[in-house]
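Spelled out, the chains give:
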Amino acid sequence: MRDNTTDYRELFLNDVPMMDMRAPVEYSKGAFPGTVSLPLMTDLERQKVGTCYKQKGQQAAIELGHQLVSGKVKAQRVEAWAAFAKAHPEGYLYCFRGGLRSQIVQQWLKEAGIEYPRVIGGYKAMRTFLIETLDRAVAECEFVVVGGMTGTGKTEVVKALADSVDLEGHANHRGSSFGKRATGQPSQIDFENRLAIDLLKRRARGQQLFVLEDESRMIGMCSLPLSLHQGMQHFPLVWLEDSLEGRIERILKDYVIDLAAEFRAVHGDEPGFERFAERLLQSLDNIQKRLGGERYQRLRLIMQAALDEQRRRGAVELHRGWIEGLLREYYDPMYAYQRENKGTRIEFAGDAPAILDYLAQRRARR
């Protein structure tokens, strides 16, 4: 049998297959990419055992657990674990702390003729390792932030760079009030885990410079790790510029044409469009207080008319009205204020080709 492991770095660097013995409710709150949930107990069984533990102690709880997971139930679960072990002979199993649950599964697999290693310390130790990995990267590496007005194409620039980290991609959200996608966001823990593993793998390849898109603390429902958010208030900044017309066209493509197509692909043609329309209107509703009554009502009427026209004949021209209004009257004044506040950190400003060229030269000078 391969030894049990505490080499968390190698597990994540090599995407080692792992089966998670925690209950489904624990797994749904946060897990690691590529792991498979094959719990020892269901949520209800775990709840019963937990109640027994509080009332009667550990031994009684263990005995109840064995009663609940016995006979056909036990046989089915052992069969599932065995199938995973045979499919992934290089893998591991783990529970929350690497304790009783994973040891029981290990023993039952051994009785079935399969010796399979576990992760010592379990989920908790691996999670701590990833948090520390992220904090170390922020402390030890060099970061550059790409800022700019709404619609300048910051995400496009970031994605064009091999040394960038796509925060919005990890959060599955475009970062603005209108940034929700047709598919949901990961849990906070999943977001942090993905980000930490991304940084770990890049640093293992020798990367020490990272380019990030300028973000607020929240990317939709995902919150940037505190160390990274604090760092982003001080990292050097490059400022991406584009014309108002170019920005309107980019927002029209990203937030109307492409987003409508994304909703239709996920939910079907008509239901998808209705969900898209509802999402767009809700996004405007979310900033109603900040817009003020008159401006909100005016822009909402324009948006509703544009959606009606798009629904009838697929035309999107009318959307330019509310997009331009939001940029001129809401986003641009806000970003102009931010640019002034961040002025001392801005080391270069220009359009996308100029920014990409500058960052390439900056990288070559390191």
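What counts and what doesn't
- Residues numbered from 1 in each chain as written.
- Predicted model: local features only at pLDDT ≥ 70, side-chain atom pairs only at ≥ 80, totals over all residues.
- Heavy atoms only, no water.
- Axes fitted to C-alpha atoms, helices over the stretch in contact; angles between N-to-C directions.
- Helix = DSSP H or I, 4+ residues; strand = E, 2+ residues; numbered from the N terminus.
- Parallel < 35°, antiparallel > 145°, perpendicular 65-115°, else oblique.
- Contact = heavy atoms within 4.5 Å.
- Nonpolar A, V, L, I, M, F, W, Y, C, P; charged D, E, K, R; others polar.
- Buried < 20%, exposed > 50% of the residue type's maximum accessible area, 1.4 Å probe, protein only.
- Pairing = 2+ DSSP bridges.
- Polar contact = N/O pair within 3.5 Å; in protein donor to acceptor, adjacent residues only side chain to side chain.
- Salt bridge = Lys/Arg side-chain N within 4 Å of Asp/Glu carboxyl O.
- Phe/Tyr/Trp six-rings, centres within 6.5 Å; stacked < 30°, edge-to-face > 60°.
- Domains from an automatic or database assignment.
- Buried area = accessible area lost by both parts, 1.4 Å probe.
- Left-handed = near helix turned anticlockwise from the far one by under 90°.

Draft legend 1. Geometry of the packing of helix 5 (residues 71–87) against helix 6 (residues 100–111). At a minimum axis distance of 10 Å, the contact between helix 5 and helix 6 shows a crossing angle of 85°. Judged by the angle between their axes, helix 5 and helix 6 are roughly perpendicular. Within the contact between the two elements, helix 5 uses Lys-74, Val-78, Trp-81 and Ala-82 and helix 6 uses Val-105, Trp-108, Leu-109 and Glu-111. Grouping the amino acids of the contact of helix 5 with helix 6 by side-chain chemistry returns six nonpolar, no polar and two charged.

Draft legend 2. A look at the pairing of strand 5 (residues 209–213). Most of strand 5 is tucked away: five of the five residues are buried. Neither face of strand 5 is exposed, since Leu-209, Val-211 and Glu-213 on one face and Phe-210 and Leu-212 on the opposite face are all buried. For strand 4 (residues 142–148) and strand 5, the ladder comprises five bridges, and the chain directions are parallel. Note that in strand 5 the partner of Val-146 across the bridge is Glu-213.

Draft legend 3. Layout of the sheet that holds strand 1 (residues 18–20). An order of 2-1-3 is seen for the three strands of this open sheet, with the pairing classed as parallel. In this open sheet, the two strands that pair with only one neighbour each are strand 2 (36–37) and strand 3 (92–94). Pairing geometry for strand 1 and strand 2, over two bridges, is parallel. Residue pairing for strand 2: Asp-20 is matched across the bridge by Ser-37. Across the sheet, helix 6 lies against strand 1 and strand 3, angled at about 140° from strand 3, the strand it touches most.

Draft legend 4. Local environment of the environment of Lys-154. With respect to the secondary-structure elements, Lys-154 resides in helix 8 (residues 154–159). In this structure Lys-154 comes out as buried when scored by relative accessible area, which is 8%. In this structure, the C-alpha to C-alpha distance between Lys-154 and Leu-212, residues 58 residues apart in sequence, is 9.4 Å. Once residues lying within four places of it in the same chain are set aside, the contact partners of Lys-154 are Val-146, Gly-147, Gly-148, Met-149, Glu-213 and Leu-240. Among the polar contacts made by the side chain of Lys-154, one reaches the main-chain carbonyl oxygen of Gly-148 at a distance of 3.1 Å. A polar contact is formed between the side chain of Lys-154 and the backbone oxygen of Met-149, at a distance of 3.2 Å.

Draft legend 5. The arrangement of the pattern of salt bridges in detail. Throughout the structure, instances matching the rule amount to 29 salt bridges. The salt bridge partner of Glu-10 is Arg-9, with a shortest N-O separation of 3.8 Å. The class for Glu-10 is partly exposed, based on a relative accessible area of 33%. Exposure remark for Arg-9: the relative accessible area of 38% places this residue in the partly exposed category. Of the charged contacts in the structure, one is a salt bridge between Glu-249 and Arg-320, with a shortest N-O distance of 2.6 Å. Here the residue Glu-249 occupies a position in helix 12 (residues 244–267), and Arg-320 occupies one in helix 16 (residues 319–341), the gap between them amounting to 71 residues.

Draft legend 6. Expanded view of the sheet that holds strand 8 (residues 237–240). Across the sheet, which stays open at both edges, the four strands sit in the order 5-4-8-9 with parallel pairing between neighbours. The open sheet has two edge strands with one neighbour each: strand 5 and strand 9 (346–350). Strand-to-strand twist of the sheet, defined as the mean angle between neighbouring strand axes without regard to direction, takes the value 20°. Of the strand pairs in this sheet, strand 8 and strand 9 are connected by four bridges, and their pairing is parallel. Within the sheet, the bridge partner assigned to Trp-239 lies in strand 9 and is Ala-349.

Draft legend 7. The pairing of strand 8, seen in detail. Neither face of strand 8 is left uncovered, since the one carrying Leu-237 and Trp-239 and the one carrying Val-238 and Leu-240 both have all their residues buried. Summarising the sheet, strand 4 and strand 8 pair through four bridges and their orientation is parallel. Directly across from Gly-147, in strand 8, lies its bridge partner Trp-239.

Draft legend 8. Spatial organisation of the packing of aromatic side chains. Here the structure, examined in full by the defined rule, presents 13 aromatic pairs. With 5.1 Å between their ring centres and 35° between their planes, Phe-32 and Tyr-123 make a pair best called tilted. Taken together, the residues span a long stretch of sequence, with Phe-32 in the loop between helix 2 (24–29) and strand 2 and Tyr-123 in helix 7 (residues 122–140) at a distance of 91 residues. Summarising the burial analysis for this pair, Phe-32 and Tyr-123 share the class buried. Geometrically, the ring pair formed by Phe-273 and Phe-276 is tilted, given 5.6 Å between the ring centres and 55° between the ring planes. Residue Phe-273 and its partner Phe-276 are both found in helix 13 (residues 269–286); the two are separated by three residues, about one turn of the helix. Here Phe-273 and Phe-276 have matching classes, each one buried. Three or more aromatic residues joined by ring pairs form one cluster here, namely Tyr-8, Phe-12, Phe-32, Tyr-94, Phe-96, Tyr-123 and Phe-129.

Draft legend 9. Examining the domain arrangement of the protein more closely. What the domain assignment reports for the protein is domain 1 (8–128) and domain 2 (141–365). A C-alpha centroid distance of 39 Å is found between domain 1 and domain 2. Counting residues at the interface gives twelve residues for domain 1 and ten residues for domain 2. With both sides pooled, the region where domain 1 packs onto domain 2 buries about 940 Å², and carbon together with sulfur makes up 57% of that total.

Draft legend 10. Seen up close, the packing of helix 12 against helix 13. At their nearest, the axes of helix 12 and helix 13 sit 7 Å apart, and the two run at 135° to each other. When the axes of helix 12 and helix 13 are compared, the pair comes out oblique. Considering how the two elements wind past one another, helix 12 and helix 13 form a crossing that is right-handed. Contact with helix 12, carried on its side by Tyr-255, Val-256, Leu-259, Ala-260, Phe-263, Arg-264 and His-267, involves Asp-269, Pro-271, Gly-272, Phe-273, Arg-275, Phe-276, Arg-279 and Leu-280 of helix 13 and no other residues of that element. The residue makeup of the contact of helix 12 with helix 13, split by class, is nine nonpolar, two polar and four charged.

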